[in-house]
Structure formats: structure tokens, C-alpha cells
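Structural overview for review
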Amino acid sequence: MKTKIFTALCLFILHSSFCLRAVGQSYSIDWYKIAAGGGTSTGGVYAISGTIGQPDASVAMTGGNYSVTGGFWSLIQAVQTAGAPNLTVTHSDTSVIVSWPNTGSYTLHQNSNLANGSGWTTSGYSITTANGTNSITITSPTGNLFFRLANP
């Protein structure tokens, strides 16, 4: 008898978790798209997980004191090598800039698939040096591309 009551109670709680609305809050996102990927953004007592507004790669959606900016996740990623100078990835308009301190002793490698550990090759992009910093600029990048610094 206890098993039947426990099972019924569990089914009621499970069913309720899908059917009951949250009460006591006044926040809502009326038009949205939840897409795969993303992460968690926090501020104060609020947290939001996932990718919200991803197809709206334009201006921020605002309301009151809050805003959400739509867009797409970066396809260019720096892979930090222990003991090597840090790589930095920034963007300017439609270009991506990968930069690192000019120590003279490291070579920039690239790989389009991190699952392929033997896919690292010396980068063919032209390196510009200014103010002690090396950089490459990739105009209108497409696909995945990962960079790391390695000793020759």
C-alpha cells in the first residue's frame, strides 16, 4: 500500500512540475528562441542559461533595466598553451584579429578540428608586428578555426 501511495505521489509531483506555472514573478520573455549551446550569464541574483535571441543577430532587445543582444557564437578560438604567451581574439567589423606578445620564440599554429590532435599546422596568415605585439587578421572568416602558440 505504501508503494502505491509513494508511486502516485511521485507521478503527481512529476506531472505538476510540467503543468504548474511559476507564481510570484513578473518577468517574461514573450517572443523567444532557445537554441542549443551557450552558457550561463549571471548578474546579482539573476541567471540565464542557454542562447536566447540567437536568430536576432542585430540590435539589443530591451525592456526596463534589462537587455539581451542576439548573435552567433564565435567560430575563432584561442587554445592557450601552458608556458606560452596568451593569445587574444578580438573582432573589428567583419574581421577577426588574433594577437600575442612578440617574444620571437613561438610559432602560430592552427587547426580546424580540435578532435584531430595531429591537425595542427603552421598558420599561413601574414603576421603583422607593431608595438611588441604580433597579430593576424582574418577577413570574413567562415567555419571553425583554432589557434595556439608552439615552440618551433
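Reading guide: rules and limits
Here the residue numbering is sequential within each chain, running from 1 through the sequence in written order. The predicted nature of this model means local features are confined to residues of pLDDT at least 70 and side-chain atom pairs, given and counted, to a pLDDT of 80 or more, with totals for whole chains, interfaces and linings taken over all residues. The basis for every side-chain value is the complete set of heavy atoms in the structure, and neither hydrogens nor water enter the calculation. Each helix is a run of H or I in the DSSP string that is no shorter than four residues. Each strand is a run of E no shorter than two, and both are numbered from the N terminus. Contact between two residues is taken to exist if any of their heavy atoms lie within 4.5 Å; hydrogens are not considered. Only the protein chains shown count as cover for residues, with accessible areas throughout obtained via the Shrake-Rupley method and a probe of 1.4 Å. At least two DSSP bridges between two strands are required for those strands to pair. An axis is simply a line fitted to the C-alpha atoms; with a helix, the fit covers only the stretch in contact. Between two such axes, the angle follows the N-to-C directions and lies from 0 to 180 degrees. Exposure categories follow from relative accessible area, calculated using a 1.4 Å probe and restricted to protein chains: below 20% of the type maximum is buried, above 50% is exposed, and the middle band is partly exposed. A residue's pLDDT is simply how confident the predictor is in it, with values from 0 to 100. Distance and chemistry together define a polar contact, namely a pair of N or O atoms within 3.5 Å, with one atom able to donate a hydrogen and the other to accept it when in protein, and with adjacent residues in sequence counting only for side-chain atoms on both sides. Here, nonpolar core means buried Ala, Val, Leu, Ile, Met, Phe, Trp, Tyr and Cys residues that are tied together by side-chain atoms lying within 4.5 Å of each other.

Before going further, it helps to examine the overall build of the protein. Within the protein, the secondary structure is distributed over one helix and 12 strands. Seen in sequence order, the protein has helices and strands lined up from the N terminus as α-β-β-β-β-β-β-β-β-β-β-β-β. Of the contacts made within the protein by residues no fewer than 6 positions apart, 46% connect residues no fewer than 24 positions apart. In the structure as shown, the protein presents an accessible area of about 11,200 Å², 56% of it carried by carbon and sulfur atoms.

Spatially, the four strands line up as an open sheet ordered β6-β7-β11-β10, and their pairing is antiparallel. The sheet terminates laterally at β6 (88–92) and β10 (128–130), the two strands that pair on one side only. The mean angle between the axes of side-by-side strands here comes to 30°, regardless of whether they run parallel or antiparallel. Where β10 lies against strand β11 (residues 133–139), three bridges are found, and the strand directions are antiparallel. Paired with Thr128 across the bridge in β11 is Ser135.

With that settled, the discussion passes to unusual backbone geometry. Here the phi dihedral of Asp93 falls at roughly 55°; this positive angle occurs in a residue that is not glycine. Turning to its location among the elements, Asp93 is positioned in the loop between β6 and β7 (95–101). Looking at Asp93, the relative accessible area reads 75%, which means it is exposed.

What follows covers the confidence of the model for the protein. A low pLDDT means the predicted coordinates there should not be read in detail. Scored by pLDDT, the protein has a mean of 74; 60% of the residues are at 70 or more. Looking across the protein, the model is least confident in strand β1 (residues 34–43), with a mean pLDDT of 61, and most confident in β10, with 95.

Next up on the list: the side chain of Ser123. Note on placement: Ser123 falls in the loop between β9 (121–122) and β10. Overall, the relative accessible area of 13% leaves Ser123 in the buried class. Within polar-contact distance, the side chain of Ser123 engages the backbone nitrogen of Tyr125 at 3.4 Å. In this structure, Ser123 is in contact with Leu108, His109, Gln110, Ile136 and Phe147, ignoring residues within four places of it in sequence.

The next point concerns the pairing of β7. With five of seven residues buried, β7 is to be regarded as a mostly interior element. Where β6 lies against β7, five bridges are found, and the strand directions are antiparallel. Along β7, the bridge assignment pairs Ser92 with Ser95. Here β6 folds back onto β7, and the loop between the two strands holds two residues, one of which, Asp93, carries a positive phi near 55°.

Our focus in this paragraph is the nonpolar core. Listed in full, the 11 residues of the largest apolar core are Ala78, Ala84, Leu87, Val98, Trp100, Leu108, Ile136, Ile138, Leu145, Phe147 and Leu149. Counting residues per element, the ones that place at least two in this core are β7, β11 and β12 (145–150). For this core, the element with the most residues is β12, which contributes three residues. Excluding anything up to four places from it in sequence, Leu149 contacts Thr81, Ala84, Pro85, Leu87, Trp100, Tyr106, Thr107 and Leu108.

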